[in-house]
Amino acid sequence: MLSDWELWACANQVLKTHGENAPLHVAEQIGARALVEDKAGIATWKAIAKRVAELMGKDRPTRLQ
């Protein structure tokens, strides 16, 4: 497994490269690894997905006012 720093770096690069389509790219990567039953790869890409969502602001709790 990659370090936390490396996961954030990967997420940042995916976002820079794919922009709005970053979540789709991540989902494709998870799917590709699922097809070959690469459990470590799936776990890595899920961790990247979480960070991509945070960077995109989609993982922040909704704030009621």
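Our subject is the structure that appears above.
Residues numbered from 1 in each chain as written. Predicted model: local features only at pLDDT ≥ 70, side-chain atom pairs only at ≥ 80, totals over all residues. Heavy atoms only, no water.

Explanation requested: helix 2 (residues 22–35) in the structure shown.
What sets the pattern is the α-helix's 3.6 residues per turn: residues three or four places apart point alike. A rise of 1.5 Å per residue sets the reference length of helix 2, with its 14 residues, at 20 Å; its end C-alpha atoms lie 20 Å apart and thus fit the reference within 8%. Along helix 2, the positions that sit buried rather than exposed are A22, H25, V26 and Q29. In an axial view of helix 2, the angular spread of the buried residues amounts to 100°, which keeps them on one side of the axis. Along helix 2, exposed side chains directed more than 90 degrees from the buried face belong to L24 and L35. The inward-facing, buried residues of helix 2 contact helix 1 (4–18) and helix 3 (39–55). Once helix 2 ends, the next one or two residues include E37, with phi positive near 55°. (Helix = DSSP H or I, 4+ residues; strand = E, 2+ residues; numbered from the N terminus. Expected span 1.5 Å × (residues − 1). Buried < 20%, exposed > 50% of the residue type's maximum accessible area, 1.4 Å probe, protein only. Arc of directions from axis to C-beta. Contact = heavy atoms within 4.5 Å.)

Any chance you could explain unusual backbone geometry here in plain terms?
The backbone of E37 sits at a positive phi, close to 55°, despite the residue not being glycine. Tracing the sequence through the fold places E37 in the loop between helix 2 and helix 3.

Please clarify how the pattern of salt bridges should be interpreted in this entry.
Two side chains that carry opposite charge are able to pair once their charged atoms sit near each other. By the definition in use, this model includes two salt bridges. Between R51 and D4 there is a salt bridge, and its shortest N-O distance comes to 2.6 Å. Taken together, the positions of R51 in helix 3 and D4 in helix 1 put the pair 47 residues apart, joining distant regions of the chain. For D4, a relative accessible area of 44% gives the class partly exposed. (Salt bridge = Lys/Arg side-chain N within 4 Å of Asp/Glu carboxyl O.)

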